Amino acid sequence: MTLNDVADELEWSPAKLGHIETGIRKWPSVMEISALLRLYGVTGGQREAILTLVRESRLRPWWTEYEDVLSSAYVGNEAGAVSLRAYAGILVPDLLQTPDYTVALAKGLGYGDRAAERMVAAYLKRQEILDSGSLGLYHAVVEEDALQRVSGDLGLLRGQTTRIIELAEAGHVTVQLLPTSAGPHPGLAGPFSILEFEEDEADLAYVEATQGGRILEAEDALRSCRRVWDELTRIAASPKASTGILGRMALLT
């Protein structure tokens, strides 16, 4: 059976079935796997063994092991998103950070060596959704100030700008640089992300704060975040111009 054959039989979208099969964007439910097993004719002990694996796999997803260095609630949603728009204020967005930048950030937050190592491991795991191309759209607005703040370490700055350029040129990541010369703008209210999911799931926004972020699902809150996002992308340099600016920054270091 082709993917389309199965999707038609179960009245699912081919995208939903693809996400279940890869296991990257969607954690399949017992009901969904049960429907697949029924269609495929899997019965008896083999069926029960597979359903047991489904139940166990949903108990502790990988990100719960790093709750000391990241927001489990946010990362759980991030892992299931098909579209992600991110603005991180004076920081480079998490999914674009190099390990060296993440270590510098962890030390700035007061973490010790062990916690910094765990933060790097967690961020690298999260970044797999970019390197694998499993995230349909990733669009980031990066403040020029976020890079200037590490300009005292030229090696770090070169590595970070080079990494952003590599991702932007790979075709599955869009980056816009927001120059310091743009002056005050709506993003000064703080970092946020807008996440979109499959057609049967509601979008949400995540607003970061010092004492942990908040997940926003109300439509008026989402509209407000989208308005800020639209303004940020309007005043930021175009993706092509941003890559050029980042390239010059890398050369100057």
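Scroll up to find the structure.
Keep in mind that this is a model prediction, so the values were computed, not measured.

Asker: It is not clear to me how the pattern of salt bridges should be interpreted in this structure. Could you clarify?
Answerer: Should their charged atoms come close, side chains of opposite charge can pair. Applying the stated rule across the entire model yields 12 salt bridges. Taking the shortest distance from any N to any O, the salt bridge between Arg-226 and Glu-219 comes out at 3.6 Å. You can call Arg-226 partly exposed: its relative accessible area is 26%. According to the relative accessible area criterion, Glu-219 is partly exposed, its value standing at 44%. One salt-bridge network, in which partners are shared between bridges, spans Glu-78, Asp-94 and Arg-126.

Asker: Just checking my understanding: could you explain the nonpolar core for this structure?
Answerer: Within soluble globular proteins, side chains that are nonpolar generally end up buried alongside one another. Core analysis: the largest hydrophobic core is formed by 45 residues, its most contacted members being Leu-96, Leu-130, Tyr-138 and Leu-147. The element that contributes the greatest number of residues to this core is helix H10 (residues 154-169), accounting for six residues. Residues in contact with Tyr-138, not counting those within four places in the same chain, are Leu-84, Ala-86, Pro-93, Leu-95, Leu-96, Leu-130, His-172, Val-173 and Thr-174. Grouped together as the second largest cluster of nonpolar side chains are 15 residues, Val-141, Val-207, Ala-221 and Cys-225 included.

Asker: Help me out: how do you make sense of the packing of H10 against helix H12 (residues 239-252) in this one?
Answerer: Each pair of packed helices can be described by the angle between their axes along with the distance between the axes. With their axes 9 Å apart at the nearest point, H10 and H12 run at an angle of 150° to one another. Of the possible angle classes, the one that applies to H10 and H12 is roughly antiparallel. Crossing hand, H10 versus H12: left-handed. On H12, the residues touching Leu-157, Arg-158, Thr-161, Thr-162, Ile-164, Ile-165, Ala-168 and Glu-169 of H10 are Thr-243, Leu-246, Gly-247, Met-249 and Ala-250. Taken together, the residues of the contact of H10 with H12 break down into seven nonpolar, four polar and two charged.

Asker: Would you mind going over the environment of Trp-229 with me for this structure?
Answerer: Its place among the elements puts Trp-229 in helix H11 (residues 219-235). In this structure, the C-alpha to C-alpha distance between Trp-229 and Gly-187, residues 42 residues apart in sequence, is 7.9 Å. Leaving out residues up to four positions away in the same chain, Trp-229 has contacts with Arg-85, Ala-86, Tyr-87, His-139, Ala-140, Val-141, Phe-192 and Ile-194.

So, how was this worked out
- Residues numbered from 1 in each chain as written.
- Predicted model: local features only at pLDDT ≥ 70, side-chain atom pairs only at ≥ 80, totals over all residues.
- Heavy atoms only, no water.
- Salt bridge = Lys/Arg side-chain N within 4 Å of Asp/Glu carboxyl O.
- Buried < 20%, exposed > 50% of the residue type's maximum accessible area, 1.4 Å probe, protein only.
- Core = buried A, V, L, I, M, F, W, Y, C linked by side-chain atoms within 4.5 Å.
- Helix = DSSP H or I, 4+ residues; strand = E, 2+ residues; numbered from the N terminus.
- Contact = heavy atoms within 4.5 Å.
- Axes fitted to C-alpha atoms, helices over the stretch in contact; angles between N-to-C directions.
- Parallel < 35°, antiparallel > 145°, perpendicular 65-115°, else oblique.
- Left-handed = near helix turned anticlockwise from the far one by under 90°.
- Nonpolar A, V, L, I, M, F, W, Y, C, P; charged D, E, K, R; others polar.

So, to be careful, I would describe these as geometric facts and stop short of saying anything about function.
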